[in-house]
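Tertiary structure, described
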There are 2 protein chains.
Amino acid sequence: MSAEIFDKKTTIDLRKKHIGPSCKIFFSDDPLKIVRAKGQYMYDEKGQRYLDCINNVAHVGHCHSDVVQAGAQQMQLLNTNSRFLHDKLVLYAQRLQAKLPDKLSVCYFVNSGSEANDLALRLAKQFRGHKDVITLENAYHGHVSSLIDISPYKFQQLSDAEQNPFVHVAPSPDVYRGKYRANHPDPASAYANDVKDIIDKVHEKGGKIAAFIAESLQSCGGQVIPPVGYFQQVAEHVRKAGGVFIADEVQVGFGRVGTHFWAFQLQGEDFVPDIVTMGKPIGNGHPMSCVVTTKEVAQAFMSSGMEYFNTFGGNPVSSAIGLAVLEVIEKEDLQGHALRVGRYLTNQLEKQKEKHPLIGDIRGCGLFVGVELVRDRLKLTPATAEAQEVIYKLKEQHILLSADGPHRNVLKFKPPMCFAKEDIDLVVEKIDHILTELEKALGMKLANILNGGN
Amino acid sequence: MSAEIFDKKTTIDLRKKHIGPSCKIFFSDDPLKIVRAKGQYMYDEKGQRYLDCINNVAHVGHCHSDVVQAGAQQMQLLNTNSRFLHDKLVLYAQRLQAKLPDKLSVCYFVNSGSEANDLALRLAKQFRGHKDVITLENAYHGHVSSLIDISPYKFQQLSDAEQNPFVHVAPSPDVYRGKYRANHPDPASAYANDVKDIIDKVHEKGGKIAAFIAESLQSCGGQVIPPVGYFQQVAEHVRKAGGVFIADEVQVGFGRVGTHFWAFQLQGEDFVPDIVTMGKPIGNGHPMSCVVTTKEVAQAFMSSGMEYFNTFGGNPVSSAIGLAVLEVIEKEDLQGHALRVGRYLTNQLEKQKEKHPLIGDIRGCGLFVGVELVRDRLKLTPATAEAQEVIYKLKEQHILLSADGPHRNVLKFKPPMCFAKEDIDLVVEKIDHILTELEKALGMKLANILNGGN
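Residues numbered from 1 in each chain as written. Chains lettered and ligands numbered in written order. Predicted model: local features only at pLDDT ≥ 70, side-chain atom pairs only at ≥ 80, totals over all residues. Heavy atoms only, no water.

- Under an unreviewed UniProt entry, chain A has the name Ethanolamine-phosphate phosphoprotein-lyase and belongs to Solea senegalensis.
- According to the UniProt record, the Cofactor (unreviewed entry) comment for chain A reads "pyridoxal 5'-phosphate".
- Here is the UniProt Sequence similarities (unreviewed entry) comment for chain A, exactly as written: "Belongs to the class-III pyridoxal-phosphate-dependent aminotransferase family." (UniProt positions renumbered as here; feature names shortened; annotations may be inferred.)

With respect to the environment of Ala420 of chain A
Residues and elements named next belong to chain A.
- Along the chain, the position of Ala420 falls in the loop between β15 (410–413) and α13 (421–442).
- Judged by its relative accessible area of 15%, Ala420 falls in the buried class.
- Separated by 392 residues in the primary sequence, Ala420 and Ser28 place their C-alpha atoms 29 Å from one another. (Helix = DSSP H or I, 4+ residues; strand = E, 2+ residues; numbered from the N terminus. Buried < 20%, exposed > 50% of the residue type's maximum accessible area, 1.4 Å probe, protein only.)

Structural notes on the sheet that holds strand β4 (residues 106–110) of chain B
All names here are of chain B.
- Sheet architecture is open: 7 strands sit in the order β4-β10-β9-β8-β7-β5-β6, paired in mixed fashion. Strands at the two margins of the open sheet, each flanked by one partner only, are β4 and β6 (167–170). Strand-to-strand twist of the sheet, defined as the mean angle between neighbouring strand axes without regard to direction, takes the value 20°.
- Inspection of the sheet shows strand β7 (residues 209–215) paired to strand β8 (residues 244–248) by 5 bridges, in the parallel sense. The partner of Ala214 across the bridge, within β8, is Ala247.
- Relative to β4, helix α9 (residues 295–302) is tilted by about 60°, and along the sheet it contacts β4, β9 (275–278) and β10 (289–293). (Pairing = 2+ DSSP bridges. Axes fitted to C-alpha atoms, helices over the stretch in contact; angles between N-to-C directions. Contact = heavy atoms within 4.5 Å.)

Observations concerning the domain arrangement of chain A
All names here are of chain A.
- Parsing chain A into structural domains produces domain 1 (8–60 + 333–450) and domain 2 (65–331).
- Averaged C-alpha coordinates put domain 1 and domain 2 at centres separated by 26 Å.
- Contacts between the two partners involve 38 residues from domain 1 and, on the opposite side, 38 residues from domain 2.
- Carbon and sulfur atoms supply 55% of the area that domain 1 and domain 2 bury against each other, a total of about 3,000 Å² over both sides. (Domains from an automatic or database assignment. Buried area = accessible area lost by both parts, 1.4 Å probe.)

Here's the deal with the pattern of salt bridges
- Summed over all chains, the structure comprises 46 salt bridges over all chains.
- One salt bridge connects Lys9 of chain A with Asp13 of chain A, and the closest N-O pair in it is separated by 2.6 Å. With Lys9 of chain A and Asp13 of chain A both in helix α1 (residues 8–18) and 4 residues apart, the pair spans about one turn of that helix.
- Among the ionic pairs, Asp274 of chain B bridges to Arg239 of chain B, the shortest N-O distance being 3.1 Å. (Salt bridge = Lys/Arg side-chain N within 4 Å of Asp/Glu carboxyl O.)

Comments concerning unusual backbone geometry
- The backbone phi angle of Cys63 of chain B is positive, close to 50°, even though this residue is not glycine.
- Mapping Cys63 of chain B onto the fold places it in the loop between β3 (49–52) and α2 (65–77).

What to know about the interface of chain A and chain B
- Residue-level contacts link 99 residues of chain A with 99 residues of chain B.
- Taken together, the two surfaces of chain A and chain B that pack against each other cover about 9,200 Å², and 64% of this comes from carbon and sulfur.
- At the boundary of chain A and chain B, one finds 2 salt bridges.
- Across the salt bridge formed by Lys33 of chain B and Asp87 of chain A, the nearest N and O atoms sit 2.8 Å from each other.
- Our count for the chain A to chain B interface comes out at 51 residue pairs in polar contact (both at pLDDT 80 or more).
- With 8 residues, the top contributor of residues to the side of chain A that touches chain B is helix α3 (residues 87–98) of chain A.
- Of the residues belonging to the side of chain A that touches chain B, the class tally is 50 nonpolar, 31 polar and 18 charged. (Polar contact = N/O pair within 3.5 Å; in protein donor to acceptor, adjacent residues only side chain to side chain. Nonpolar A, V, L, I, M, F, W, Y, C, P; charged D, E, K, R; others polar.)

Some remarks on the relation of the copies chain A and chain B
- For the pair chain A and chain B, the best superposition has an RMSD of 0.0 Å and corresponds to a rotation of 180° with a translation of 0.0 Å parallel to the axis. Viewed as a symmetry operation, the transformation between the two copies matches a two-fold axis. Of every C-alpha in chain A, the one belonging to Ala72 of chain A sits nearest the axis of rotation, 2.5 Å from it.
- Taken together, the interface assignments show that 100% of the residues at the interface of chain A recur at the interface of chain B, consistent with an identical surface on both copies. (Least-squares fit on C-alpha atoms with pLDDT ≥ 70 in both.)

Things to note about the packing of aromatic side chains
All names here are of chain B.
- Across all of its chains, the model carries 39 aromatic pairs over all chains by this definition.
- Measuring from centroid to centroid gives 5.2 Å for Tyr92 and Phe109, while their planes differ by 25°, and the two rings are stacked. Residue Tyr92 is located in helix α3 (residues 87–98), and its partner Phe109 is located in strand β4; the two are separated by 17 residues in the primary sequence. Of the two residues, Tyr92 and Phe109, neither departs from the other in class, the shared state being buried.
- Ring geometry for Phe254 against Phe261: centres 5.6 Å apart, planes inclined by 65°, an arrangement best described as edge-to-face.
- Since its relative accessible area comes to 0%, Phe254 is described here as buried. (Phe/Tyr/Trp six-rings, centres within 6.5 Å; stacked < 30°, edge-to-face > 60°.)

Structural notes on helix α12 (residues 384–396) of chain A
Residue and element names in this part refer to chain A.
- With 13 residues, α12 ought to run about 18 Å at 1.5 Å a step, and its terminal C-alpha atoms sit 19 Å apart, in line with that.
- All of the buried residues in α12 are Glu386, Ala387, Val390, Ile391, Leu394 and Lys395.
- Taken from the residues just after α12, His398 is the one with a positive phi, measuring 65°. (Expected span 1.5 Å × (residues − 1).)

Focus on the side chain of Asn117 of chain B
Residue and element names in this part refer to chain B.
- The residue Asn117 is located in helix α4 (residues 113–128) in this model.
- Residue Asn117 is classed as buried on the basis of its relative accessible area, which comes to 1%.
- One polar contact links Asn117 to Asp248, side chain to side chain, over a distance of 2.9 Å.
- There is a polar contact of 2.8 Å between the side chain of Asn117 and the side chain of Thr277.
- In this structure, Asn117 is in contact with His141, Leu147, Ile213, Asp248, Val250 and Thr277, ignoring residues within four places of it in sequence.

What to know about the packing of helix α2 (residues 65–77) of chain A against helix α10 (residues 316–331) of chain A
Residue and element names in this part refer to chain A.
- At a minimum axis separation of 8 Å, α2 and α10 run at an interaxial angle of 160°. As judged from the angle between their axes, α2 and α10 are roughly antiparallel. Considering the relative orientation of α2 and α10, their crossing is right-handed. Residue-level inspection shows Asp66, Val67, Ala70, Gly71, Gln74 and Met75 of α2 in contact with α10, the latter providing Pro316, Val317, Ala320, Ile321, Ala324, Val325, Val328 and Lys331.
- Split into classes, the residues belonging to the contact of α2 with α10 amount to 10 nonpolar, 2 polar and 2 charged. (Parallel < 35°, antiparallel > 145°, perpendicular 65-115°, else oblique. Left-handed = near helix turned anticlockwise from the far one by under 90°.)

Comments concerning the packing of helix α11 (residues 334–355) of chain B against helix α13 (residues 421–442) of chain B
Residues and elements named next belong to chain B.
- It is the contact of α11 with α13, at a shortest axis distance of 10 Å, that shows an interaxial angle of 15°. Viewed along their axes, α11 and α13 adopt a mutual orientation that is roughly parallel. Both α11 and α13 take part in a crossing whose hand is right-handed. The segment α11 lies against α13, with Val341, Tyr344, Leu345, Gln348, Leu349, Gln352 and Lys355 engaging Lys421, Ile424, Asp425, Val428, Asp432 and Glu439.
- Residue classes in the contact of α11 with α13 are distributed as 6 nonpolar, 2 polar and 5 charged.

Some words on α4 of chain B
- With 16 residues, α4 of chain B extends 24 Å between its outermost C-alpha atoms, agreeing within 8% with the 22 Å of an ideal straight helix rising 1.5 Å per residue.
- For α4 of chain B, the tally of buried residues reaches 12 of 16 residues, placing the bulk of the element in the interior.

Remarks on the environment of Leu104 of chain A
All names here are of chain A.
- Inspection of the secondary structure assignment puts Leu104 in the loop between α3 and β4 (106–110).
- Judged by relative accessible area, Leu104 falls into the buried class, the value being 0%.
- Each C-alpha atom, one on Leu104 and one on Ile329, is 21 Å from the other, the two residues being 225 residues apart in sequence.
- Sequence-distant contacts of Leu104, defined by excluding residues within four places in its chain, comprise Gln97, Val272, Pro273, Asp274, Ile275, Val276, Val292, Thr293 and Thr294.

And the structure:
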């Protein structure tokens, strides 16, 4: 059933020949050939099992049977565009809306997080005819042209990067390594005031703010958890300037944070974005995504006179799959599970922090957790090579983890939501062992570090 | 199995409440609720069958069992991103490449025609660092921001449309209604020279041409078939200026034109684009698409230093479905079928043209056919209202056809490729009847028209 078509070398050769080289493969020196997956486990061509700690797309677990069945059944019946009425489309929109604050009531179904964020920008710009967009340092919002423009994580990779003059970058609200840290009396206001300053400067130059966009928790940017109250204050400044607040939930939505269904809700009940974008986990791997906004924003977009049609977006198969994902999250209480095992993961990692000087910070909510490695806990020197070493050593032990952030020194946990206590025990034990070896080689001791030495 | 969840009124109400109003529904006064489809037929909630003459997405037929099975099987096994090796990804790339000229050897798999065209523009601009793009009048290339910019079909809908200063619009190579017509001694060269003039003007202003982009046959633009030799000459001018030729096959690829697998091949063996984009039919409704280019263009893109990763693009399910579509096209000789029934369709329509003064032009290749309705065959006055009337009357008789083009007066045939001779007989008979009634009401007679009167 999972027989190989090509031997691994041929697969690699064909990939080199026919697949665009700009997509980096994991572990390029010895890449993995994965042939099947189930739950939080992936299997290579030899049947070797890998524990998947990173795939937030396989949200309810790889190849979940309810999702597969919903997709397969609908594929047999009908898969067409949304110029026809379809019950699953409207039922899905209704169910999704029920997960959101009331005023976020209008859905646009599209095919990827990138399409969602691009449409969100179009909605925001059309709303009042404004053009300037504020984004965060290290942000990543997608791969289409308009999103490269608002993704410093991407455009700073280019040597000849020209920043779009309508795009303005605010400091990342990172209280560990950022401009205002945990010891600041009010980092939320301080970071929000920086956004206010940007707005003032835009106004001085005659510009007008269309939107502030941020991931509710920065993912590629280094698993950053903004201080509570930051979004409320930013939204106030931005709305006063006539702009809208776009919360990008592509990486972090759908119950991953445990306490809430959406990560923006971590900021408090009093915060409601004007536009929410979704992606990766929404279809458990099926290419689909969604933008949800208010009636006012939707009406303004329509009154432009330009139609918006998306060939595949919201088709019956995508709707059936989206519905199945929502149902599995509820039926299996995956949000509650994320809260419980996520807390266990964070606790176990905190214990490691007490032992390992390389661990500078543990931060996260539910099953979205970052472990920032540093060579020096006072200077915060990024332990980039060490993070890579952890990833490679874990791979040897059949565990898939990755490192990200501007210094590529943050270990990222964002596993399928069925991740279990035993999985946590396994990966934490391996990390403990790897860090012990690394610290031995580096001559690092906790006592030294606490004294600021190395 | 196809039981309704909501009665039709509730479906309509929920749609109004929760679905972005910018997506126009077909026959908005009395929309269709489609619950299942097979081959070239769709069925509403009461079991009424509709003949589908327009859905070029359901390329090998709605819900083709081979495609459904391939998708369902792969969904059970594995659906992850392309940072892992996967045999179906490379096998699919190899099979797709085998359908193209040798030099088009590198594939980028993405999720929609819009993502494909956006990436094509990025590849083109990165190639030599040029920025100016030439597009055609009435062109439509997709719904993301960068593509609205190059789609006059879209941006001209906006009252306050500002044309992007790097975008230049060349005349549509329409030999029926365009600047140079069938009576011109060499319309191909004339239209190509207009592109050359644009290039010269761009150079005068210090700009540099990144790309010329065109659908191989304009679809929304009015089913326009460019004169043979036009693309070769344009490509020569554009390449001389350091730009690339992008052939957009999103609507027309995969054997639809009958004589060839790709519509750009209608221009002759001596024409090879630098980039080809695909979409709609590629996955028979599954959200997927592809950009294929040369090694040189791919290398230049990689050497920018910016990674290109697409979460869903080229996943095992999309690859399995794409492979199944290619296999069905071959197994059922759908390209040959498109040629045969397409010729029959064109012949039957030509006979109608002899009878009906409202028919100004019949044009097409294979199962991509346009019927342009005019109120006056000399003045070419668009018969827009009449085209709408034909569409609505056909719907009453359970046949789905649409009208497009800048004047919305071109009846568009682009049915699933399993469209049969009997289907053609049915739809042509109905059109004959509707046109007869319309012409009677308008007092139109062929003899009057031929004399230039009305």
